[in-house]
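Geometric and topological summary
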Amino acid sequence: TPVPQAAAKADGPPAIVTRVFEQDRVKGEDVILFRNKDVLRGRVLNETIALVTQYGVLTLPLERCAGLSFEGARANTEAVVTKDMNRLTGIITDRVIRFRIGSSGAELPIRKEKIRFILMERLADEREAAGRKKESDLFLMANGDLLTGEARERKLSIRTDYGMVPV
C-alpha cells in the first residue's frame, strides 16, 4: 500500500498530508469514494474510528485522520492514515459511517462494505492539529505500518545469526 504523500521539507514543521491512497484531499469537505465509483461530498459525522491492529485495539479521533481505506477488508488490511503521517492497518470495526451530504444537508448511514476510501477534509492549520513533535521517532512495523512517537525504553537489541546484539 502506498505511503501517504506530504508537502513539506524534511527538516521543517510536520507536513500536511495532501494525498492518501493515491487520491487528493480537498479543503472544505470530506469525500467518500464508493466501490461502484460514485462520489459523495459533505461531512463524516462519526467522532472516532476503531481499528483492530496486530498490536492492539486503537480508537482514533477522526479529526486527526487524513483518510481511511476499506479496500483491504477481505485481507484484514483496512487502513487509516493520520494527519501526522502515521499509517495503521487492520480491521475497522465501525460497521456504519454517518455522513451529512454537503449539497442537501441530509444525514445518512453508509455501510462500510460500500466504501472504497474516505478522504478527510484538508485544513490550513493541520500542522498544529496533527500534534506530532519534531523530535518524534519513526517506527516501521513488521506489517508495514508507520508510527511516530517515542519509545518507552531507549534500549534496543538486534537479533542476528550470531545472537542478540545490544545497541
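The structure we're discussing is the one just above.
Let me sum up the structure you'll find in this document.

Cut-offs and rules
Residues numbered from 1 in each chain as written. Predicted model: local features only at pLDDT ≥ 70, side-chain atom pairs only at ≥ 80, totals over all residues. Heavy atoms only, no water. Core = buried A, V, L, I, M, F, W, Y, C linked by side-chain atoms within 4.5 Å. Buried < 20%, exposed > 50% of the residue type's maximum accessible area, 1.4 Å probe, protein only. Helix = DSSP H or I, 4+ residues; strand = E, 2+ residues; numbered from the N terminus. Contact = heavy atoms within 4.5 Å. Patch = residues over 30% accessible without salt bridge, like charges linked within 9 Å, V, L, I, M, F, W, Y side chains within 5 Å. Areas by Shrake-Rupley, 256 points an atom, 1.4 Å probe, with all protein chains shown as cover. Salt bridge = Lys/Arg side-chain N within 4 Å of Asp/Glu carboxyl O.

The next subject is the nonpolar core. Core analysis: the largest hydrophobic core is formed by 22 residues, its most contacted members being Ile-32, Ile-49, Leu-68, Val-80, Ile-115 and Ile-118. Broken down by secondary-structure element, the contributors of at least two residues to this core are strand E4 (30–34), strand E5 (39–44), strand E6 (48–53), strand E8 (65–69), strand E10 (87–92), strand E11 (96–101) and strand E13 (115–119). Ignoring any residue separated from it by four or fewer positions in sequence, one finds Ile-118 in contact with Val-31, Ile-32, Val-44, Ala-66, Gly-67, Leu-68, Phe-70 and Ile-97.

Next up on the list: a nonpolar patch on the surface. On the surface, Val-52, Val-57 and Ile-91 cluster together into a nonpolar patch covering about 230 Å² of accessible area. Take Val-52: it is sitting in strand E6.

A word on the environment of Arg-122. Along the chain, the position of Arg-122 falls in the loop between E13 and helix H1 (126–130). Taking relative accessible area as the criterion, Arg-122 reaches 23% and is therefore assigned partly exposed. A C-alpha to C-alpha distance of 9.8 Å links Arg-122 and Cys-65, two positions 57 residues apart in sequence. Look past the residues within four positions of Arg-122 in its chain and what remains in contact with it is Ile-16, Val-17, Thr-18, Arg-25, Val-26, Lys-27 and Gly-28.

On to the pattern of salt bridges, then. Across all of its chains, the model carries eleven salt bridges by this definition. Linking Arg-43 and Asp-30 is a salt bridge whose minimum nitrogen-to-oxygen distance equals 3.4 Å. A residue pair is termed long-range when its members are at least 10 positions apart, and Arg-43 in strand E5 and Asp-30 in strand E4 qualify at 13 residues. A relative accessible area of 27% means that Arg-43 is categorised as partly exposed. The exposure class assigned to Asp-30 is buried, which follows from its relative accessible area of 3%.

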